[in-house]
Amino acid sequence: ERLRYVEPKHGRICMLATAGWIATDLGVRFPGAAYQVGPLAAHDAMVAKGDMLVLFIAASLFELLGGTPKIFQLFNVNTPAKPGEYFFDPLNLGKGNAERMQLAEIKNGRLAMLAFSGIVTQAALYGKPFPYF
C-alpha cells in the first residue's frame, strides 16, 4: 500500500531528471567554465564547486515543508489522502477526467524511471550523448 503513495512522487522526479539529462546533453549548461561538462560529470563538478550543498539544503527544505503535512494527512483516519495527492494543481489539469490523468501520470512516471535508468547506464558504459545510439 505504501508503494502506491511513493510511486507518483518518484515518477515525477524521474520525469524531471530525464528531461534535465536530455537538456544537458543538448547543450543547456550553467554559465561558467566549471559547468561545461557532460551530464555524467556534472555531479562531480557541482560537488567540487560546493553547489551541491546548496542543492541539498534546498531539496531538504522542500521535502520537510512538503512532506511533513503529507505525513499527517496520510495518518488522518477521517479523510485519508489519495496516492500522489499534494493539492497543487495551479492549471486545473486534474478537473476533467481525474482517473485517466492519474493513470497517465503513473504510466509516464514508470516509463521515465526506466528511461532515466537506461540513459545513466548508457552514459556510464558508452559515453554517447543524445540520441544515445
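Since the model is a prediction, treat every value here as computed from it, not as a measurement.

Here we look at the overall build of the protein chain
Right, so step 1: Across its full length, the protein chain carries four helices and zero strands.
Right, so step 2: The secondary structure elements of the protein chain, listed N-terminal to C-terminal, are α-α-α-α.
Right, so step 3: By the burial criterion, 18% of the 133 residues in the protein chain qualify as buried.
Right, so step 4: When the accessible area of the protein chain is evaluated, it comes to approximately 10,000 Å², of which 69% is carbon and sulfur surface.

Considerations on the packing of aromatic side chains
Right, so step 1: All chains considered together, the criterion is met by two aromatic pairs.
Right, so step 2: Summarising the aromatic geometry, the rings of Trp21 and Phe116 are spaced 5.8 Å apart at their centres and angled 85° between planes, so their arrangement reads as edge-to-face. Taken together, the residues Trp21 in helix 1 (residues 2-25) and Phe116 in helix 4 (residues 98-125) connect sequence positions 95 residues apart.
Right, so step 3: For Trp21, a relative accessible area of 11% translates into the label buried.
Right, so step 4: Relative accessible area serves as the criterion here: at 23%, Phe116 is assigned to the partly exposed category.

Structural notes on the pattern of salt bridges
Right, so step 1: Inspection of every chain in the model, using the stated rule, returns three salt bridges.
Right, so step 2: As a salt-bridge pair, Lys9 and Glu63 come within 2.6 Å of each other at their nearest N and O atoms. Of the two residues, Lys9 sits in helix 1 while Glu63 sits in helix 3 (residues 51-74), which places them 54 residues apart along the sequence.
Right, so step 3: Take Lys9: its relative accessible area is 25%, and that puts it in the partly exposed class.
Right, so step 4: Taking the shortest distance from any N to any O, the salt bridge between Glu105 and Arg12 comes out at 2.5 Å. Of this pair, Glu105 sits in helix 4 while Arg12 sits in helix 1, and the two are 93 residues apart along the sequence.
Right, so step 5: Given a relative accessible area of 27%, Glu105 falls into the partly exposed group.
Right, so step 6: Relative accessible area serves as the criterion here: at 28%, Arg12 is assigned to the partly exposed category.

Quick word on the side chain of Thr24
Right, so step 1: Looking at the element boundaries, Thr24 is found in helix 1.
Right, so step 2: Of the residues examined, Thr24 reaches a relative accessible area of 18% and is grouped as buried.
Right, so step 3: In terms of polar contacts, Thr24 uses its side chain to reach the backbone carbonyl oxygen of Gly20, at 2.8 Å.
Right, so step 4: With residues near it in sequence (within four places) discarded, Thr24 still touches Arg29, Gly38 and Pro39.

A closer look at the environment of Ala41
Right, so step 1: Tracing the sequence through the fold places Ala41 in helix 2 (residues 39-49).
Right, so step 2: Here Ala41 falls in the partly exposed class, since its relative accessible area comes to 34%.

Brief notes about helix 2
Right, so step 1: Where helix 2 is concerned, the buried positions are Pro39, Ala45 and Met46. Each buried residue of helix 2 sits inside an arc of 100° when the element is viewed along its axis, so together they form one side. The outward face of helix 2, more than 90 degrees from its buried face, is lined by the exposed residues Asp44 and Ala48.
Right, so step 2: Following helix 2 by one or two positions, Gly50 has its phi on the positive side, about 90°.

The rules we used
- Counting restarts for each chain, with residues numbered from 1 along the sequence as it is written.
- Given that this is a predicted model, residues contribute local features only at a pLDDT of at least 70 and side-chain atom pairs are listed and counted only at 80 or more, while totals for whole chains, interfaces and linings are drawn from all residues.
- Water and hydrogen atoms were dropped before computing side-chain values, which therefore reflect all heavy atoms in the structure.
- Helix numbering and strand numbering both begin at the N terminus, where a helix is a DSSP run of H or I of at least 4 residues and a strand a DSSP run of E of at least 2.
- Working definition: with a 1.4 Å probe on protein chains only, accessible area under 20% of the residue-type maximum means buried, over 50% means exposed, and in between means partly exposed.
- Per-residue and other accessible areas follow the Shrake-Rupley method at a 1.4 Å probe size, with only the shown protein chains counted as cover for residues.
- In summary, the pairing rule links any two rings of Phe, Tyr or Trp, Trp by its six-membered ring, whose centres are within 6.5 Å, and it sorts them by plane angle into stacked for under 30 degrees, edge-to-face for over 60 and tilted for everything else.
- What counts as a salt bridge is simple: a side-chain nitrogen of Lys or Arg found within 4 Å of a carboxyl oxygen of Asp or Glu.
- Polar contacts here mean pairs of N or O atoms no more than 3.5 Å apart (in protein, one a potential hydrogen donor and the other a potential acceptor; neighbouring residues in sequence count only if both atoms are side-chain atoms).
- Residue contacts are defined here by distance: any two heavy atoms, one from each residue, within 4.5 Å place the two residues in contact.
- As used here, the arc belongs to the directions running from the helix axis to the C-beta atoms.

Structural measurements only, silent on function.
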